[in-house]
Every structure is written in C-alpha cells, then in structure tokens.
Amino acid sequence: MQKTLTFGIPCYNSSEYMDHCIESILEGSDYAEDVQIVVVDDGSTKDDTFEKAKSWQERYPQIVKAVHQENGGHGMAVLKALENADGTYFKVVDSDDWVDGDALKELLSKLRRFISFETRVDLVITNYVYEHVEDNKQTTVDYGFAIPKGKIITWDKMGHFNLWQNLLMHALCYRTDVLRAGGVPMPAHTFYVDNIYAYVPLPRCKTLYYLDVDLYRYFIGRGDQSVNEDVMVSRIDQQLRVTRIMMRAYHLYDDVESSRLRSYMVGYFTLMMAVCSIFSKLSDKEDAMDNLDALWSELRQFDARMYRRARKGIVGLATNLPGAYGTKATLFFYHVAQKLVKFN
C-alpha cells in the first residue's frame, strides 16, 4: 500500500515518553495504514528504547517500523528515518513531543486529496504549540498574515514574517522527494540541526500550502532539553557549526530566485547569527568570542551582502552592541524577549 505520510521519530533514551508520541499519531490517524511511523533508536544506552520500538512494530506491523543505528545524533536519526520512509510526505516529530488528533485528521485529508488529484504540493505548513510544563500554559505559533490560508501558492505570494514566525521543523511537512533530491547536510553528533532541516530545502519547494491547524505540540520544560538556556550556552560550538552550514548553503542574493523567499531566508539566517552572538556572550568559554568573531569574518568573506544584512540591520546591531555595557544591554533585551515568548 502506498503510504501518504511518514512520521520520523528520532529516539535517544526515550523510553519514558516515546509512547505518548507514537500513540498520538496512531490515535489521531485512526490507525490508518497509509500512515507510516519510523521510530529510529539512535544508539540508546540507558533504557529499552529499541525494545519498546520493536514492540510497537509487532503490534502494528503495517504502520510502525523500528530501526536501530549506532549513535549519530539527532540529524543522523532524521536522515535514517528519511531513508526508510515510504510516504509521499515526510514529517519529523521528536520523541518527547506529540500531535493533535483532530489536526492530524485534517492534514491527512488534505494530503490524500493532493495525491488523489495528482496535485503537486512540495511543502505543507501547519501551526505548532509550545507546551510549557512549568506553568501548564500554551503558546501557539501560527502564520496568519504571513501566508494565505488554504491555497496552493508559490513563495512570491507570501507576506511578511514576524520574528517569532519562522518556519521551524515543527511546522513543516515536506514531500519526501524534495528532501531526497538535494539531501539535507546535517552533521553527526550535533544539536540544533533542525535549523538546517527547516532552511536548506526551502528553495527546492516550488509550491506550498498553509493548513491553519495546531498540529504539533512542542514540549518545553525538561532541564536537559537542547533549548534550555544553560544547555544552549554549553553547546555554543554546535550552534556555530550549524549556522556555518546554513551560511554556506547559499549565496542568498544569487542562488534564491524568489525575492520573498530570499527575504524570509535572510531574516532566518540573521536570527541564527543573533543567537550565536547572544550565547557566545553568555558563555564562559575562553574562546567563545574569538569563535564568534571568526564566524562573522567568514561570513563577510563568503558574502558581503549577507554580512551587511545580518550585522548592520536592527537585529544584528542589537545583539552585537560594543563594550561591556553593550553586552549587558544585549543580554537584558534577550531575557525580556525570553520571558515574553517563552521559547526556552
């Protein structure tokens, strides 16, 4: 049976919470056999993640596929799921997150319709919700005013994206062949590669559709999460690595045809450079600022126009204020934004 949608679930020592993720997809899809769930155990060592994945496969062999690999990190697990995907479309759901059942039903109905009528849509965008365990509150990220709702469009029909409206991994459902066509350059043993996944394939997507449903539920609150501030500071080298890969993926003003997509990607990349600047300033590593300066220098040499947009615009200036007082001001504004948006 041809699969409509493959969910890739990267797992690493996920036994405690992966069941909720898998159950949300099974129940939300009404156990439909045109849905595939590829559970990738990324070399778990502390629990029975792979055994649990295999038990799900045994219970639902037409839907669930359990795959094991040596530990390679989140990006390698996503690529392993993509390698095993049989669906026309592909979506990643992290093992501590889940999906809303009613929203999933709407998504599947739309994807089946596209396939049935042989209507090619390269990217389907849905909303996602931050689920804050600390205060049991939700923050929804939607794309109202940025993307027309319920229409197959090209990038040139997009509106303006606000800073908090980036198309993160949680929002994206790609056609599988789009991801495979040019690959996704995610390095091993590196966090934050979801930014590469949400950036590099975009110019290959010629048509897109915004389905205004709150599908993805993004769990925020575990102390060891990669988006926890202390964890992000400790992994600033990985943030720089990911941002460098994004930088070298395109000369945006030469390689990206659509002016509106280019504008969006410049904004996303600028935000990545701002994140690197902020967490380098928060780091106590002796070489943190030297490494940040090296990245800025590399960007200036690689593409002077991208450098000017990233460094000389409002975001770049605000996150790279000179001197000790400038650093304090940058971090003050960052923590205000953090409290307002609650992104980590």
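Please read all numbers here as calculations on a predicted model, not as lab measurements.

Details of the pairing of strand β4 (residues 87–92)
Phase 1: Most of β4 is tucked away, with six of its six residues classed as buried.
Phase 2: Sheet analysis places strand β1 (residues 3–11) next to β4, joined by five bridges and oriented parallel. From the neighbouring strand, K3 faces β4, where its bridge partner is G87.
Phase 3: Sheet analysis places β4 next to strand β9 (residues 172–175), joined by two bridges and oriented antiparallel. Along β9, the bridge assignment pairs F90 with Y174.

As for the layout of surface pockets
Phase 1: Each pocket or cavity is described by its volume, and for the second largest pocket that value is around 420 Å³.
Phase 2: H160, F161, S263, G267 and R309 are, among the 18 residues lining the second largest pocket, the residues nearest its centre.
Phase 3: No other element matches helix α10 (residues 259–282), which puts eight residues into the lining of the second largest pocket.
Phase 4: A class-by-class count of the residues in the lining of the second largest pocket yields eight nonpolar, eight polar and two charged.

A word on the environment of D214
Phase 1: Relative to the assigned elements, D214 resides in strand β10 (residues 208–220).
Phase 2: For the pair D214 and R248, spaced 34 residues apart in sequence, the C-alpha to C-alpha distance is 33 Å.
Phase 3: Not counting residues within four places of it along the chain, the set of residues in contact with D214 comprises D100, A103, N127, V129 and T140.
Phase 4: Reaching out from D214, the side chain makes a polar contact with the side chain of N127 at a distance of 3.0 Å.

A short note on the nonpolar core
Phase 1: The biggest cluster of nonpolar side chains holds 113 residues, and the ones touching the most others in it are I125, Y143, I147 and Y197.
Phase 2: With 11 residues, the single largest contributor to this core is α10.
Phase 3: Not counting the four nearest positions on each side in its chain, Y197 is found in contact with V78, F90, V92, M169, L172, Y174, L179, V184 and M186.

Things to note about the environment of A171
Phase 1: Secondary-structure assignment places A171 in the loop between β8 (152–153) and β9.
Phase 2: The class for A171 is buried, based on a relative accessible area of 0%.

Quick word on unusual backbone geometry
Phase 1: A positive phi is found at Y31, a non-glycine position, where the angle reads about 55 degrees.
Phase 2: Tracing the backbone shows Y31 in the loop between α1 (18–28) and β2 (35–42).
Phase 3: Of note in the backbone geometry, F145 takes a positive phi value of approximately 75 degrees without being a glycine.
Phase 4: Looking at the element boundaries, F145 is found in the loop between β7 (137–141) and β8.
Phase 5: You can call F145 exposed: its relative accessible area is 86%.

Thresholds applied
Residues numbered from 1 in each chain as written. Predicted model: local features only at pLDDT ≥ 70, side-chain atom pairs only at ≥ 80, totals over all residues. Heavy atoms only, no water. Buried < 20%, exposed > 50% of the residue type's maximum accessible area, 1.4 Å probe, protein only. Helix = DSSP H or I, 4+ residues; strand = E, 2+ residues; numbered from the N terminus. Pairing = 2+ DSSP bridges. 1 Å grid on protein atoms, 1.4 Å probe; cavity = no way out; pocket = protein on both sides within 12 Å on 5 of 7 lines; lining within 4 Å. Points joined across faces, edges and corners; volume = space filled by probe spheres on them. Nonpolar A, V, L, I, M, F, W, Y, C, P; charged D, E, K, R; others polar. Contact = heavy atoms within 4.5 Å. Polar contact = N/O pair within 3.5 Å; in protein donor to acceptor, adjacent residues only side chain to side chain. Core = buried A, V, L, I, M, F, W, Y, C linked by side-chain atoms within 4.5 Å.

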